[in-house]
Amino acid sequence: MKIDRENFWNTIEEWTDTKSDSLHLFGKYVEFHESILEEAKNFDGWNHTFDGENFSEELRNNITTLSGAPMDRWEYLLEIQFSGIEGQGLAPPDTDYWWTAPTIEDFPTVYKLMEKFPVFHNPVLSKLGAGHEILPHDHGPDKQFLYNMSLNEPEGSRQAIYPRGEYVADPGDMYRLDVHNFHAVKNGNETRYHLLFQGGRY
């Protein structure tokens, strides 16, 4: 079966393989997540997903290289995934979806986490509005991964990655996601905050 963004959710029961290692629980209830969540809720300098032209240099770098891509991929991201064009963007055009590259001034706890666990670096924070979604997408054909930490998990949320299927991300869970595979999110009843760190290619 060929999986694409149109049939991802409708065929999930057919392709789910719970033994797949496309999803790996890297850490359970990683400390600091509650403090980081409060910092995120108090922060007001978010950049909208479809406002890539105004991303800071650090945000462009951290998003582009999140799973090991070179910076020349930024133009593709800006034109396609962050375009807001119906049918090709990372999310529907009216999506309440925001990003920031956390600074030590606004997110001191993120930097405490990175100091304690040096494997985590080049952070990006995402904020997704209640009832909104991230459409099925991948990061290109090369085998690659990133780290994704759940800061909260709104009631009714669904997230899935091919071919592992749906999974639960409790607050504080840190997952390694193989993002050359299709993955997607349907958010639940409140704003969803996740913290991502750079992974790489393998």
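It should be emphasised that the depicted structure is a prediction, and the values quoted were computed from it without experimental measurement. (Residues numbered from 1 in each chain as written. Predicted model: local features only at pLDDT ≥ 70, side-chain atom pairs only at ≥ 80, totals over all residues. Heavy atoms only, no water.)

**Digging into helix 2 (residues 33–42)**
- Where helix 2 is concerned, the buried positions are H33, I36, L37, E39 and A40. The buried residues of helix 2 occupy an angular sector of 160° when projected down its axis, which confines them to one face. Counted as exposed and oriented over 90 degrees from the buried face of helix 2: E34 and N42.
- In this structure, the buried side of helix 2 is in contact with helix 5 (108–116), strand 6 (144–150) and strand 11 (192–201). (Buried < 20%, exposed > 50% of the residue type's maximum accessible area, 1.4 Å probe, protein only. Helix = DSSP H or I, 4+ residues; strand = E, 2+ residues; numbered from the N terminus. Arc of directions from axis to C-beta. Contact = heavy atoms within 4.5 Å.)

**Here's the deal with unusual backbone geometry**
- Here the amide bond leading from Y162 into P163 is cis, since omega sits at -5°, within 30 degrees of zero.
- Along the polypeptide, P163 turns up in the loop between strand 7 (158–161) and strand 8 (165–166).
- A positive phi angle, near 50°, is found at Y29, a position not held by glycine.
- The topology assignment puts Y29 in the loop between strand 1 (23–27) and helix 2.

**Some words on the nonpolar core**
- I63, F82, W99 and L177 are the most contacted members of the largest nonpolar core, which totals 26 residues.
- When contributions to this core are tallied by element, the ones reaching two or more residues are helix 3 (57–64), helix 4 (74–81), strand 3 (97–100), strand 4 (124–128) and strand 9 (174–178).
- Examining the composition of this core, we find that three residues originate from one element, helix 4, more than from any other.
- If you look at the next biggest cluster of nonpolar residues, it comprises 20 residues, including A40, F120, Y193 and L195. (Core = buried A, V, L, I, M, F, W, Y, C linked by side-chain atoms within 4.5 Å.)

**A few points about the sheet that holds strand 11**
- Pairing within the open sheet is antiparallel, and its seven strands lie in the order 1-9-6-11-4-3-2. Each having just a single partner strand, strand 1 and strand 2 (47–48) make up the two edges of the open sheet.
- Bridge count between strand 4 and strand 11: five bridges; the pairing is antiparallel. Bridging from a neighbouring strand, L125 pairs with L195 of strand 11.
- Helix 2 rests against strand 6 and strand 11 of the sheet, and its axis sits at about 110° to strand 11. (Pairing = 2+ DSSP bridges. Axes fitted to C-alpha atoms, helices over the stretch in contact; angles between N-to-C directions.)

**Brief notes about helix 3**
- All of the buried residues in helix 3 are L59, N62, I63 and T64.
- Tucked inside the fold, the buried residues of helix 3 contact strand 2, helix 4, strand 3 and strand 4.

**What about the pattern of salt bridges?**
- Applying the stated criterion across every chain yields a total of seven salt bridges.
- We note a salt bridge from E133 to K186, for which the minimum N-O separation is 3.6 Å. Note that E133 is positioned in strand 5 (residues 133–137) and K186 in strand 10 (residues 183–186), a separation of 53 residues in sequence.
- Judged by relative accessible area, K186 falls into the partly exposed class, the value being 28%.
- A salt bridge links R201 to D142; the shortest N-O distance between them is 3.1 Å. With R201 in strand 11 and D142 in the loop between strand 5 and strand 6, this residue pair connects regions lying 59 residues apart in the sequence.
- Accessibility expressed as a relative area gives 34% for R201, which makes it partly exposed.
- Each of K28, D170 and D173 takes part in a single network of salt bridges with overlapping partners. (Salt bridge = Lys/Arg side-chain N within 4 Å of Asp/Glu carboxyl O.)

**Let's talk about the environment of H33**
- For H33, the position within the fold is in helix 2.
- Classification of H33 by relative accessible area gives buried; the value is 4%.
- Along the backbone, H33 and S150 are 117 residues apart, and their C-alpha atoms lie at a distance of 7.8 Å.
- Once residues within four sequence positions are removed from consideration, H33 is found in contact with M149, S150, L151, P171 and G172.

Purely geometric numbers; function is a separate question.
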